[in-house]
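Spelled out from the first residue to the last, the chains are:
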Amino acid sequence: MKLKEKLVKKIGPMREEVRSVIEKHGDKTISEVTVKQAYGGMRGVKCMVWEPSALDPMEGIRFRGYTIPEVREKLPKAPGGEEPLPEGIFYLLLIGEIPTEEDVKEITQEWQKRGELPQYIKDALRALPEDTHPMTQFSLGILCMQRESIFARRYREGLSKTEYWEPVFEDVMNLLAKLPHLAAFIYRKTYKNDEQIPPDPELDWAGNFAHMLGIEDDEFKELLRLYLVLHSDHEGGNVSAHSTHLVGSALSDPYYALSAGMNGLAGPLHGLANQEVIRWILKMKEELGGGVPTKEQISQYVWDTLNKGQVIPGYGHAVLRKTDPRYIAQREFALKHLPDDEIFKIVSLLYEVVPGILMEHGKAKNPWPNVDAHSGCLLLHYGLKEYDFYTVLFGVSRALGVLAALIWSRALGLPIERPKSVTTEWIKQQFEGS
Ligand code: CMX
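Numbering of residues starts from 1 in each chain and follows the order in which that chain's sequence is written. Only residues with pLDDT of 70 or above have their local features reported here, since the model is predicted, and side-chain atom pairs are shown and tallied only from 80 upward, although totals for entire chains, interfaces and linings are computed over all residues. Computation of side-chain values: all heavy atoms of the structure, hydrogens and water removed.

### Focus on the side chain of Asp-204
Then comes step 1: Relative to the elements of secondary structure, Asp-204 occurs in the loop between α9 (165-191) and α10 (205-213).
Then comes step 2: When a residue's accessible area, from a 1.4 Å probe over protein chains only, is under 20% of the maximum for its type it is buried; when over 50% it is exposed; and in between it is partly exposed. Note on Asp-204: relative accessible area 11%, which makes it buried.
Then comes step 3: Residue contacts are counted whenever heavy atoms from the two residues lie within 4.5 Å of one another. When near neighbours in sequence (up to four residues on either side) are disregarded, Asp-204 contacts Ala-78, Leu-85, Glu-87, Thr-108 and Arg-225. Only DSSP runs of H or I covering at least 4 residues are called helices, and only runs of E covering at least 2 are called strands; the numbering of each starts at the N terminus.

Right under this line is the structure:
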């Protein structure tokens, strides 16, 4: 595989670069940790390395140095399409270069070959109670497949540390190939009478995913391509990325590591916020009598939510301090393809109203919308109305980034993660004496 050959060429120089950086700068300080940070979710503490992407609070995400508009422009597209192919973002995140059409085609073909879902996964998922949340099914499906891990088998047989990355790469390629099949299986099983749609070998990764979900609209295929690119990576400190990284550091294989990451993504303060946004909007719409509410009605509803001690889903961020460029990219898509959609109009009104209210409310450090404030209205427009499923789509996309990073963690020989914890008593003793 050309992708693997390209990766091999990158690993040697990168190992050397990291070795030299540690030798030259290893004892220098990049962060100091205050007591407040230790209690406060380690916000802003720089203590891990993540190559595929970096997040600037004001500018937003850059994938290997490229902004979202640049990625949308430069990555290869499907024939006749305008949105970037997710195969391309995987290449960029892993290799650090913009792929050619041919590079992307190779990945599409490779994932088509490896995509089939083992029967035992389907049997296991069919055995679950019907109301099992799609994210639970997704995480469980990934975990069930752990027996396929080439890394786990090769490690048991005896594997040198310098070779870890290679079976991890194979596991990652197998996993990424299978995730849309797993997600579509869960969707059709849960919401469409288990009427499964066979894959179309002519289609790209996202196009085929849309097809297996049962939504053939070409515009939806474009949306899914964009969606799967936008959600792929958001540097290393977010819960899904960090938990995948942490579990992987114990040399738990990519199946264990990704399943852990997906459990983190399933939290309402993280990826589940995308379902919460639509649930909250639909409830607001219903309570206000249907249709598009007025700005005044929306303001009141936002205040009511805050006064009940709840968060406004889709707003705020632990790092960002302005509107998420992932939100802007989705808004551009909506303005182009569905400007008259009712839910899009509500999402737009919320954008006008919520930041001011959150500023007046005075708690959230970032009053601006994040990626999750917009994604649901687009999916809903094309008929994907089962919003409990939305975080699974996020998960399929997030796997691209966290698994690219996992390959690099093993290629660079990063050790098991083990930060130091302290007790409140210890902190008091440091500053107050005994
Ligand atoms: N609505 C109401 N209050 C909010 C808020 C929001 N959208 N965002 C933050 N706040 C509150 C916090 O709950 C916190 O309150 P307390 O002091 O009572 O604990 C206070 O403002 C300060 O929080 P912060 O430092 O601004 O935000 P954090 O870094 O702690 O948390 C996040 C970030 C995203 C969890 C938070 O903004 C939030 O809960 N947003 C809503 C959920 C959401 O959209 N999550 C998706 C994020 C993107 C993703 O990961 O997918």
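### Focus: the pairing of strand β1 (residues 53-56)
Then comes step 1: Burial of the side chains of β1 is restricted to one face: Ser-53 and Leu-55 are buried, whereas none of Ala-54 and Asp-56 on the reverse face is.
Then comes step 2: DSSP calls a pair of strands paired once it identifies at least 2 bridges connecting them. Strand direction decides the pairing type here: β1 and strand β2 (residues 60-63), joined by four bridges, are antiparallel. Opposite Asp-56, over in β2, you have Gly-60 as the bridge partner.
Then comes step 3: Linking two consecutive strands that pair antiparallel, namely β1 and β2, is a turn of three residues.

### So, the packing of aromatic side chains
Then comes step 1: Aromatic rings from Phe, Tyr and Trp, with only the six-membered ring used for Trp, were paired whenever their centres fell within 6.5 Å, and each pair was classed as stacked if the ring planes differed by under 30 degrees, edge-to-face if by over 60, and tilted otherwise. This model, assessed by the stated rule, comprises ten aromatic pairs.
Then comes step 2: Their ring planes at 55 degrees and their centres at 6.0 Å tell us that Tyr-155 and Tyr-164 sit as a pair that is tilted.
Then comes step 3: What makes Tyr-155 partly exposed here is its relative accessible area of 41%.

### Here we look at the site of the ligand
Then comes step 1: One heavy atom within 4 Å of a molecule or strand is enough for the residue carrying it to be called near that molecule or strand. Lining the immediate environment of the ligand, one finds 21 residues, of which His-270, Gly-314, Lys-363, Lys-365 and Asp-372 sit closest.
Then comes step 2: Side-chain polar atom of Lys-363 to an oxygen atom of the ligand: 2.8 Å apart, as the coordinates give it.
Then comes step 3: Methods summary: accessible areas were calculated by the Shrake-Rupley approach with a probe of 1.4 Å, and residue burial reflects only the protein chains presented. Coverage of the ligand by the protein chains reaches 76% of its 890 Å² of free accessible surface.
Then comes step 4: A domain split of the shell around the ligand shows at least three residues from each of domain 1 (92-271 + 389-411) and domain 2 (273-381). Identification of polar contacts relies on pairs of N or O atoms within 3.5 Å, with a donor-acceptor requirement for protein atoms, meaning one able to donate a hydrogen and the other able to accept it, and with residues adjacent in sequence counted only if both atoms are side-chain atoms. Note: domain ranges come from an automatic or database domain assignment.

### A few points about the nonpolar core
Then comes step 1: Here, the term nonpolar core denotes a set of buried Ala, Val, Leu, Ile, Met, Phe, Trp, Tyr and Cys residues that are joined through side-chain atoms within 4.5 Å. Counting residues in hydrophobic clusters, the biggest one holds 117 residues, and the most contacted among them are Phe-90, Leu-94, Phe-138, Leu-179, Leu-182 and Leu-350.
Then comes step 2: A domain split of this core shows at least three residues from each of domain 1 (92-271 + 389-411) and domain 2 (273-381).
Then comes step 3: Aside from chain neighbours lying at most four places away, what touches Leu-179 is Phe-138, Ile-142, Leu-258, Val-396 and Ala-399.

### What about helix α14 (residues 273-287)?
Then comes step 1: An expected span of 1.5 Å times one less than the residue number is assigned to each helix. The first and last C-alpha atoms of α14 sit 20 Å apart over 15 residues, in line with the 21 Å expected at 1.5 Å per residue.
Then comes step 2: Buried within α14 are the following residues: Ala-273, Asn-274, Gln-275, Glu-276, Val-277, Ile-278, Trp-280, Ile-281, Met-284 and Lys-285.
Then comes step 3: Packing partners of the buried residues in α14 comprise α11 (218-230), α15 (295-307), α17 (342-361), α18 (372-381) and α19 (390-411).
Then comes step 4: Following α14 by one or two positions, Gly-289 adopts a phi angle in the positive range, close to 90 degrees.

### Remarks on unusual backbone geometry
Then comes step 1: The backbone of Asn-193 shows a phi angle near 55 degrees, a positive value even though the residue is not glycine.
Then comes step 2: Mapped onto the secondary structure, Asn-193 falls in the loop between α9 and α10.
Then comes step 3: You will see that Leu-251, though not glycine, has its phi angle at about 65 degrees, which is positive.
Then comes step 4: Within the secondary structure, Leu-251 sits in the loop between α12 (239-249) and α13 (254-265).

### Quick word on the domain arrangement of the chain
Then comes step 1: The assigned domain composition of the chain is domain 1 (92-271 + 389-411) and domain 2 (273-381).
Then comes step 2: Salt bridges are defined as contacts in which a side-chain nitrogen from Lys or Arg sits within 4 Å of a carboxyl oxygen from Asp or Glu. On the surface where domain 1 and domain 2 come into contact, there are zero salt bridges.
Then comes step 3: There are eight residue pairs in polar contact (both at pLDDT 80 or more) connecting domain 1 and domain 2.
Then comes step 4: If you list the elements that add at least two residues to the side of domain 1 that touches domain 2, you get α11 and α19.

### Observations concerning the pattern of salt bridges
Then comes step 1: The tally for this structure, following the rule as stated, stands at 30 salt bridges.
Then comes step 2: Arg-225 serves as the salt-bridge partner of Glu-222, at 2.8 Å between the closest nitrogen and oxygen. Note that Glu-222 and Arg-225 are positioned in helix α11 at a spacing of three residues, about one turn of the helix.
Then comes step 3: You can call Arg-225 buried: its relative accessible area is 6%.
Then comes step 4: Its salt-bridge partner being Glu-386, residue Lys-385 comes within 3.7 Å of it at the nearest N-O pair.
Then comes step 5: Look at Glu-386 and you get buried, because its relative accessible area is 12%.
Then comes step 6: Through salt bridges that share partners, Lys-4, Glu-110, Lys-113, Arg-114, Arg-154, Glu-166 and Glu-170 make up one connected network.

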